Amino acid sequence: MKRKLIAAVSVAGMMVGVAACGNGSDDKSKTDAGGAKEITVWLMDGSAPKAWLDEVNKEFAAKHPGVTVKVEEQKWKGIQEKVTTALSENTPPDVIELGNTQTAGYAVTGGLADLTKDKAKLGGDAWAKGMTASSEIDGKLYSAPWYAANRVVVYDKKAFAKAGITPPKTRDEWVAGLEKLKAADPASQPIYLPGQSWYVLAGFVWDEGGDLAVKDGGKWKGALSTPQATSAMDFYKKLQSFSTAPKDKDEATPQQSTDIVPKGGVASWIGLGWEAAGAEKALKDAGKEADFGYFPIPGKTADKPGTVFLGGSNLAVAERSKNKELAKEWLALAAGKDQMTKYAAETKGALLPNQAAANFATAPGSFAESMALAGANGKITPVTAGWANVETEPNPIKEFMTKVLNGEDAAKAAAAADAEIAKRINQ
């Protein structure tokens, strides 16, 4: 599975640190060569601010004198193979960070410990439902949600002011605003929207009450042929008509934030926090002014924003861990309200914590504020191990989108995509 989104939400400057505690005794702990007892935690590059991680391990050390927490930083590239191998060995890391769309794949193979009975102790009652969904398979809990990020609309304040519009609250207002932007400056793009931004399409499908795939008995099947997905694609097509972006590319080819927006002529676009920061830096480096505003992707009605894809990470315990109880206690600290509150503060709202009560007090008008508003209405892709096969290139959802945007019969394109999704997801 491609990990572009999850790798993208890493915050610049964050580094994972290693915190060690003293010596002591615990029959469930393993011993290193020097006789000290330890648990091993694998975290991804950029996921954990050092100050936060040190605080978690300090609190853990106070409760478990003599147990060392060995944190090992991992890279996203090649991580799936590395985790798969580690989980099959007799001495795997005790706690592992996993991409939220990867978790189901490791759970169904038996590599992750069943945490269902530990949910309350882990603080699960407070977790956001949209994030928790990626941690549960067939009613059982296999990880704790940790953090997530989602897209919002980034806009040029000067372009909006020139057109006499303000951030919209509904889809209809959104389209009306794009019409005014087009009239105010015919040479610019009211919105930059590539034809294959399928995470954006997914949100529209969920808004309509549909999904990308659904379970039918014991099998999964694609759901792009449904009326809900058809309506979603119709709306996507309407938005994309305001853009000159390629219909056969996604937001990363070319990279919208650094290759497109800095050139000018883009009144708005849909992106992640790191993309907004990247575009702002690129503009400043080119000697141009960056004056961005942000708003959640509008919903069908004004009472709530549009649904968004939540890309993020979970924390799991290896089934073969020799230190399961200690691992669970470390996980309970890291994913609990107190430490998640500190986590959100350390990341300054760049990432959403696993529960609303831990959210960072974001600045009015900031990207983080819009992301938090939208994130409350977030979802993830279908929770099944086979979903990873669907995202493998060539992605059938992307191909479906391009076909429809190029004028091919939508029903025919959807049927072909659904057949391919069913083939891949049930492997």
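If you're wondering where the values come from, they're calculated on a predicted model, not measured in any experiment.

## Some details on the packing of helix 12 (residues 324-335) against helix 13 (residues 337-346)
Part 1 of the reasoning: Closest axis-to-axis distance for the helix 12/helix 13 pair is 5 Å, and the angle between their directions is 50 degrees. With respect to each other, helix 12 and helix 13 are oriented oblique. Together, Leu333, Ala334 and Ala335 of helix 12 and Lys337, Gln339 and Met340 of helix 13 make up the contact between the two elements.
Part 2 of the reasoning: Looking at the contact of helix 12 with helix 13 residue by residue, the class counts come to four nonpolar, one polar and one charged.

## Points about the environment of Thr341
Part 1 of the reasoning: By the secondary structure assignment, Thr341 is in helix 13.
Part 2 of the reasoning: Overall, the relative accessible area of 33% leaves Thr341 in the partly exposed class.
Part 3 of the reasoning: Considering only alpha carbons, one finds Thr341 and Arg151, 190 residues apart in sequence, at a separation of 22 Å.
Part 4 of the reasoning: Among residues more than four places away in sequence, those in contact with Thr341 are Ala357 and Ala358.

## Details of helix 11 (residues 273-285)
A turn of α-helix holds 3.6 residues, and therefore any two residues three or four places apart point the same way.
Part 1 of the reasoning: Its 13 residues give helix 11 an end-to-end C-alpha distance of 18 Å, which sits within 8% of 18 Å, the value for a rise of 1.5 Å per residue.
Part 2 of the reasoning: Those residues of helix 11 lying buried are Glu275, Ala276, Ala279 and Leu283. Down the axis, helix 11 shows its buried residues gathered within 100 degrees of arc, on one side only. Counted as exposed and oriented over 90 degrees from the buried face of helix 11: Lys281, Lys284 and Asp285.
Part 3 of the reasoning: Directly beyond the C-terminal end of helix 11, a positive phi value near 75 degrees is found at Gly287.

## Structural notes on the nonpolar core
Part 1 of the reasoning: Trp174, Trp330, Ile397 and Phe400 are the most contacted members of the largest nonpolar core, which totals 122 residues.
Part 2 of the reasoning: Those residues within four positions of Ile397 in sequence are excluded, and the remaining contacts are Trp198, Leu201, Leu212, Leu224, Trp387, Val390 and Ile421.

## Concerning the side chain of His64
Part 1 of the reasoning: The topology assignment puts His64 in the loop between helix 2 (50-63) and strand 3 (67-74).
Part 2 of the reasoning: Classification of His64 as buried rests on a relative accessible area of 12%.
Part 3 of the reasoning: Only 2.5 Å separates the side chain of His64 from the side chain of Glu329, close enough to count as a polar contact.
Part 4 of the reasoning: In this structure, His64 is in contact with Leu326 and Glu329, ignoring residues within four places of it in sequence.

Calculation criteria
- Residues numbered from 1 in each chain as written.
- Predicted model: local features only at pLDDT ≥ 70, side-chain atom pairs only at ≥ 80, totals over all residues.
- Heavy atoms only, no water.
- Axes fitted to C-alpha atoms, helices over the stretch in contact; angles between N-to-C directions.
- Helix = DSSP H or I, 4+ residues; strand = E, 2+ residues; numbered from the N terminus.
- Parallel < 35°, antiparallel > 145°, perpendicular 65-115°, else oblique.
- Contact = heavy atoms within 4.5 Å.
- Nonpolar A, V, L, I, M, F, W, Y, C, P; charged D, E, K, R; others polar.
- Buried < 20%, exposed > 50% of the residue type's maximum accessible area, 1.4 Å probe, protein only.
- Expected span 1.5 Å × (residues − 1).
- Arc of directions from axis to C-beta.
- Core = buried A, V, L, I, M, F, W, Y, C linked by side-chain atoms within 4.5 Å.
- Polar contact = N/O pair within 3.5 Å; in protein donor to acceptor, adjacent residues only side chain to side chain.

The values are spatial; any link to function lies outside them.
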